[in-house]
Amino acid sequence: WGVHVPWVGGSAARARPVAVPMLQQRRLWVVVGGSDRGGVIVRTGPELSSLQLDARLSYGALVEQKELEGDRLRYALVVGSGPQEGWISMRLKSKDLAVPVLPEEFAAGKACDDPGKPTPEMTFYAISDVHVERKENMAWIDGLPKFENSTLLVAGDLGVSLHQVDTALRMFKDKFDHVFYCYGNHETWCKVHVAADSAIASYSDSYEKLAALRELCDRVGVITTPRLIAGVWIVPVLGWYHTDWDVEPPLQPPSGQSLDREPPDAERCATDTHACKWGGLENGSRELAKKLDLENEHWGIWPLPESLLDNLRDPPGQRKHPVVTFSHFLPRNELMPEKRFLFHPNLPKIVGSEFLRQRVDQLKPDLHVFGHTHFPWDMTLDDGVRYRSWPLGTPEEQARRIASIPTEETERWLPAPVFDSNGSHHRSSESCWFSLMYTRIKREPESCHMADYVAAAFCRRAPTVPGTIISPHGCLPPASDEDRLRREKYTERSSGSMRREVHRASITSGR
């Protein structure tokens, strides 16, 4: 995908992704105002009548909180330019000028760590985009510990060949008590690895491969239909993307100007166009997405069981059994970064489905897990649903994550615990850098302010959003010598991968 981790989690079988010490060890704020004024005003005291210093605190500066007095913050400068210390306003009228790097209630799931709570009968874990066509990722599964009292949700893109998927699912079943699975786009590729699959099944197009995949899952004993596990309903939701799902505007240049070059069409980002065979239907079309939405019936997910329908008659929070759903593709646009933050700005056209959203809306789950984008994500939207994604990604993407957040937890990247049979959500991770970014700034798809790597590829004159706002991790020193060595170990591979992505974006856009 060309996933960007700006220089930007458990550890044992029962461990959970934990907050990264570099951001938790002190109260940090980031300046999000003053982008058009050279920063924000700094004064010598908390009173607005106190002396104003000559220099402003720069847009994007990271500061450490020393004192709070109403809407006034006394800070010490950590990263950025301007006075080393002073007082600033946190907001002006209704506009934020400085916001916490982490929200006050980070992760909305801390209660699950309360030692007074009973030990859950079952913990539900999530992983997606494992891509075992990369041998390092197959080795990652092999190296996982045994997870006790556990259920794993595998949200697609496990592998390309049936042989790879078969091997990976059997390995997951050795590590977890129950394994749920839904396919992603890579599993539908039917023009590669055909020879390796001959001992399992033969197929002439992507429909036949999906039918063979369904039979494979039945043989392995992987769950692909709704099931009540330890008092929690788990429901897979299948689908496919269509390009008109993306309703946000294209990448925006500054007013009165034009882009240096247009981003490549979505089809140039999608191997699916060439690797899949869908009869006479065009990849990315609404017609194909509608047809593949019917796979929910073919796989036996719909019609939903009567006992699940009875449970759904009550609103979330009042049901006898919580509901957790999962899919590979996205049901909501808000679960994808805006085009101004993407190496491939047209990527949102090949990630989501309105048909998928309709099914998720019918279920009104407590939690929905998704994959596909390769962005770790944790966000609760206006429908009250908490949406989470926890991709393994390619070894290159893993290197970028670790170079940015050089902790042992990030390096190991175990499946994330997301829910349990007590009805508790589990804590988030600072690795969800893009969804955390939206706690600092609003979603403004019409804005011409871009990430620097997007501006470099498509509009050099565009104003940029500082990396300290997008993901402050990499702007801060590691919290320990071990973390420092870990960052050094992965920096070269991370930087090389970034250079290739910038070059790839330039080439595909015709630069």
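Described in the following lines is the structure provided in the data block.

This paragraph deals with helix 3 (residues 162-175). Taking 1.5 Å of rise per residue, 14 residues should cover 20 Å, and helix 3 covers 20 Å from first to last C-alpha, within 8% of that figure. Regarding helix 3, the residues found buried are Leu162, Gln164, Val165, Asp166, Ala168, Leu169, Met171, Phe172 and Lys175. Structurally, helix 3 contributes buried residues whose contacts are with strand 8 (123-127), helix 2 (135-142), strand 9 (150-155), strand 10 (178-182) and helix 4 (206-220).

Moving on to the sheet that holds strand 10. Strand order in this open sheet of 4 strands is 10-9-8-17, and the pairing throughout is mixed. In the strand order of this sheet, the two ends are held by strand 10 and strand 17 (416-420), each with one partner. When strand polarity is set aside, the average angle formed by the axes of neighbouring strands in this sheet is 25°. Looking at chain direction, strand 8 and strand 9 are connected through 5 bridges and run parallel.

Counting through the fold element by element, His368 comes out in strand 14 (residues 367-370). Take His368: its relative accessible area is 0%, and that puts it in the buried class. Along the primary structure His368 and Val418 are separated by 50 residues, whereas in three dimensions their C-alpha atoms are 9.8 Å apart. Setting aside residues up to four positions removed in sequence, His368 forms contacts with Thr325, Phe326, Ser327, Pro331, Val360, Val385, Arg386, Tyr387 and Arg388. In terms of polar contacts, His368 uses its side chain to reach the side chain of Ser327, at 2.8 Å.

Spatially, 6 strands are ordered 11-12-13-14-16-15 in an open sheet, and the strand pairing comes out mixed. On the outer flanks of this sheet lie strand 11 (227-229) and strand 15 (377-380), each paired with one strand and no other. Going from strand to strand, the sheet's axes swing by 20° on average, the running direction of each strand aside. One ladder, built from 3 bridges, connects strand 11 with strand 12 (residues 232-236); its direction is antiparallel. The partner of Leu228 across the bridge, within strand 12, is Trp233. Against the sheet, helix 9 (residues 354-363) engages strand 12, strand 13 (323-326), strand 14 and strand 16 (386-389), with an angle of about 170° to strand 13.

Let's shift gears to the pattern of salt bridges. Scanning all chains against the criterion turns up 30 salt bridges. Residues Asp293 and Arg359 are paired through a salt bridge, measuring 2.7 Å at the closest nitrogen-oxygen approach. With Asp293 in helix 6 (residues 286-293) and Arg359 in helix 9, this pair connects stretches of sequence that are 66 residues apart. Like Arg359, Asp293 is buried. A single salt-bridge network, built from bridges that share partners, covers Arg134, Glu136, Glu396 and Arg493.

What follows is about unusual backbone geometry. Going from Trp302 to Pro303, the amide bond is cis rather than trans, its omega being -5°. As for its position among the elements, Pro303 is in the loop between helix 7 (295-298) and helix 8 (306-312). Although it is not a glycine, His131 sits at a positive phi angle of roughly 50°. With respect to the secondary-structure elements, His131 resides in the loop between strand 8 and helix 2. We classify His131 as buried; its relative accessible area is 3%. For His374, which is not glycine, the phi dihedral falls at a positive 70°. Note that His374 resides in the loop between strand 14 and strand 15. Here His374 falls in the buried class, since its relative accessible area comes to 7%.

Side-chain direction in a regular strand flips from residue to residue, so the side chains alternate between the two faces of the sheet. Burial analysis of strand 10 places 4 of its 5 residues in the buried class, the great majority of the element. For strand 9 and strand 10, the ladder comprises 5 bridges, and the chain directions are parallel. Considered in strand 10, the bridge of Val154 is made with Tyr181. Handedness of the β-α-β unit built from strand 9, helix 3 and strand 10 comes out right-handed.

Calculation notes
- Residues numbered from 1 in each chain as written.
- Predicted model: local features only at pLDDT ≥ 70, side-chain atom pairs only at ≥ 80, totals over all residues.
- Heavy atoms only, no water.
- Helix = DSSP H or I, 4+ residues; strand = E, 2+ residues; numbered from the N terminus.
- Expected span 1.5 Å × (residues − 1).
- Buried < 20%, exposed > 50% of the residue type's maximum accessible area, 1.4 Å probe, protein only.
- Contact = heavy atoms within 4.5 Å.
- Pairing = 2+ DSSP bridges.
- Axes fitted to C-alpha atoms, helices over the stretch in contact; angles between N-to-C directions.
- Polar contact = N/O pair within 3.5 Å; in protein donor to acceptor, adjacent residues only side chain to side chain.
- Salt bridge = Lys/Arg side-chain N within 4 Å of Asp/Glu carboxyl O.
- Right-handed = clockwise from strand over helix to strand, strands pointing away.

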